[in-house]
Amino acid sequence: METITDRIDNVTKIPPKYMKAVLPAPKSVKIEISPRCNYRCGFCALRTREVQPKWDMDFGLFKRVTREMREAGVEEIGVFYLGESFMNPRLLVDCIAYLKGELRMPYVFLTSNASMAFPEAVEECMKAGLDSLKWSMNAADEQQFEKIMGVAGKLFHTALDNVKSAWEVRKRGGYKTGLYASSIRYDGEQLSKMEELLNARVRPYVDQHYWLPLYSMGAFAVQREHELGYRPTAGNQGRIGALREPLPCWSAFTEGHVTAEGKLSACCFDATANWTMGDLTKLSFMEAWNSAPFVKLREAHLKKNVRGTVCENCIAY
């Protein structure tokens, strides 16, 4: 049986047929159902948005672009990108139901901070056919939560309660949704504290937990990362245990990333539209996937020289 880390590794490892500038459709695409988030995490690129967006994705646009993706050969859709999808649970459930019912998408997955994932919404996602629900758990206690996530500590406890509730909902309803969790692997005392929390409040309620490095988030969260005292890795190197070289970056080759307003980005951390490669309100998915700017950027990655491109600062780590 394929695990969540198997799936992640299959996306972050660029196969030979994708080591080109012009590509077939990616296996996986993440789509931003809602660009809004109730957290203000110190390591997240969302903090860099001067104006936080208010509009979630238009359902008509979602249906059109995902149909194009399926027809092109996409097999996995993540119903999230940068924002927290449970900010709009009705839209989230409708999107999952469309993907699994109308399009017969083989695999639909979601990552959430858990604080807004109340049991009723989680159950509706499971009923609609969600294949994978992963929790991001990145604080060891209420004090660290307030410092890192930038919001009231009560949400720390709400999130943990929702993680347990999701496990109980799945068991009670006999749903097939995989439940997972990931955490940023800090070091020293923080790691020990995280292990204690995970063993008590998270690992008993998920099928698998894995560690992630602290990403540079597209090179835009540098100042905040410095304030928090954590050193990010170069680019997005995948998960700990299967780290990838920063160049060429898999994000531009094996996975699509679509913002709530329909922009196709080359970066998995693009909160400021700096990596926009095409506008899906004007182009088909495959036209944007192999647009002139995207092809040019991939050529630079393949040469392992991104000087002068939007990726230069990120790789500089």
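Residues numbered from 1 in each chain as written. Predicted model: local features only at pLDDT ≥ 70, side-chain atom pairs only at ≥ 80, totals over all residues. Heavy atoms only, no water.

**Remarks on the side chain of Asn 138**
Position of Asn 138 relative to the elements: it lies in the loop between β4 (132-136) and α5 (142-149). A residue is classified by how much of its surface remains accessible, and Asn 138, at 9% relative accessible area, is buried. (Helix = DSSP H or I, 4+ residues; strand = E, 2+ residues; numbered from the N terminus. Buried < 20%, exposed > 50% of the residue type's maximum accessible area, 1.4 Å probe, protein only.)

**Comments concerning the sheet that holds strand β6 (residues 208-212)**
Backbone-to-backbone hydrogen bonds pair the strands of a sheet. The strands run either parallel or antiparallel. One open sheet accounts for nine strands, arranged β6-β5-β4-β3-β2-β1-β7-β8-β9; its pairing is mixed. Two strands close off the open sheet at either side, each with one partner strand: β6 and β9 (276-279). If you compare each strand with its neighbour and ignore which way they point, the axes differ by 25 degrees on average. Two strands pair when backbone bridges link them, and strand β8 (residues 263-265) and β9 are joined in this way by three bridges, in the antiparallel orientation. Each bridged residue has a counterpart across the sheet, and for Leu 264 the counterpart in β9 is Gly 278. Contacts from helix α1 (residues 4-12) reach β1 (28-31), β2 (76-78), β3 (107-112), β4, β5 (178-184), β6 and β7 (255-258) within the one sheet, and its direction differs from that of β6 by about 35 degrees. Each of β4 and β5 touches helix α6 (residues 154-173); the most contacted strand, β5, lies at about 160 degrees to it. (Pairing = 2+ DSSP bridges. Axes fitted to C-alpha atoms, helices over the stretch in contact; angles between N-to-C directions. Contact = heavy atoms within 4.5 Å.)

**A few points about helix α2 (residues 59-72)**
The end-to-end C-alpha separation of α2 is 20 Å, in line with the 20 Å expected for 14 residues at 1.5 Å each. Among the residues of α2, Leu 61, Phe 62, Val 65, Thr 66 and Met 69 are the ones counted as buried. Projected onto a plane normal to the axis of α2, the buried residues spread over an arc of 115 degrees and lie on a single side. If you check the start of α2, you find a side-chain oxygen 3.1 Å away from the backbone N of Gly 60, and it comes from Asp 58. Phi turns positive one or two residues past the end of α2, at Gly 73, with a value near 120 degrees. (Expected span 1.5 Å × (residues − 1). Arc of directions from axis to C-beta. Polar contact = N/O pair within 3.5 Å; in protein donor to acceptor, adjacent residues only side chain to side chain.)

**Re α1**
Within α1, burial applies to Ile 4, Thr 5, Asp 9, Val 11 and Thr 12. Mapping the buried residues of α1 onto a view down its axis gives an arc of 160 degrees, with all of them on the same face. Where α1 is buried, its residues contact β1, β2, β4, β5, β6 and β7.

**Quick word on the nonpolar core**
Among soluble globular proteins, nonpolar side chains are generally buried collectively. By size, the foremost hydrophobic cluster in this structure holds 98 residues, and its most contacted members are Tyr 39, Phe 62, Met 69, Ile 77, Val 79, Phe 86 and Trp 135. Setting aside chain neighbours within four positions, we find Trp 135 in contact with Ser 112, Ala 114, Ala 117, Val 122, Asn 162, Val 163, Ala 166, Tyr 180, Ala 181, Ser 182 and Val 206. (Core = buried A, V, L, I, M, F, W, Y, C linked by side-chain atoms within 4.5 Å.)

**Notes on the packing of helix α3 (residues 89-102) against helix α4 (residues 119-128)**
Two elements in contact, α3 and α4, have axes separated by 8 Å at closest approach and are oriented at 10 degrees. Taken as axis vectors, α3 and α4 run roughly parallel relative to one another. As α3 packs across α4, the resulting crossing turns out to be right-handed. Judged by residue contacts, Pro 89, Leu 92, Val 93, Ile 96, Ala 97 and Lys 100 of α3 engage Ala 121, Glu 124, Cys 125 and Ala 128 from α4. When its residues are assigned to classes, the contact of α3 with α4 shows eight nonpolar, no polar and two charged. (Parallel < 35°, antiparallel > 145°, perpendicular 65-115°, else oblique. Left-handed = near helix turned anticlockwise from the far one by under 90°. Nonpolar A, V, L, I, M, F, W, Y, C, P; charged D, E, K, R; others polar.)

**Some thoughts on the confidence of the model for the chain**
Confidence in the prediction for the chain averages 89 pLDDT; 87% of positions are at 70 or higher. Here residues 216-225 is modelled with pLDDT under 50, and outside its nearest four sequence neighbours on either side it reaches 36 contacts, counting other chains as well. Counting contacts from residues 230-235, a segment whose pLDDT is below 50, to residues more than four positions away or on other chains yields 26 contacts. (pLDDT = per-residue confidence, 0-100.)

**Let's talk about the pairing of β7**
Residues Glu 255 and His 257 of β7 are buried on one face, and the alternating residues Gly 256 and Val 258, pointing to the opposite face, are buried as well. Note that β1 and β7 share four bridges and pair parallel. Bridged to Lys 30 within β7 is His 257. Pairing analysis gives two bridges linking β7 to β8, with the strands arranged antiparallel. In the sheet register, His 257 faces β8, and the bridge partner there is Ser 265. Remark: four residues form the turn of the hairpin made by β7 and β8, two consecutive strands paired antiparallel; Gly 262 in that turn has positive phi of roughly 95 degrees.

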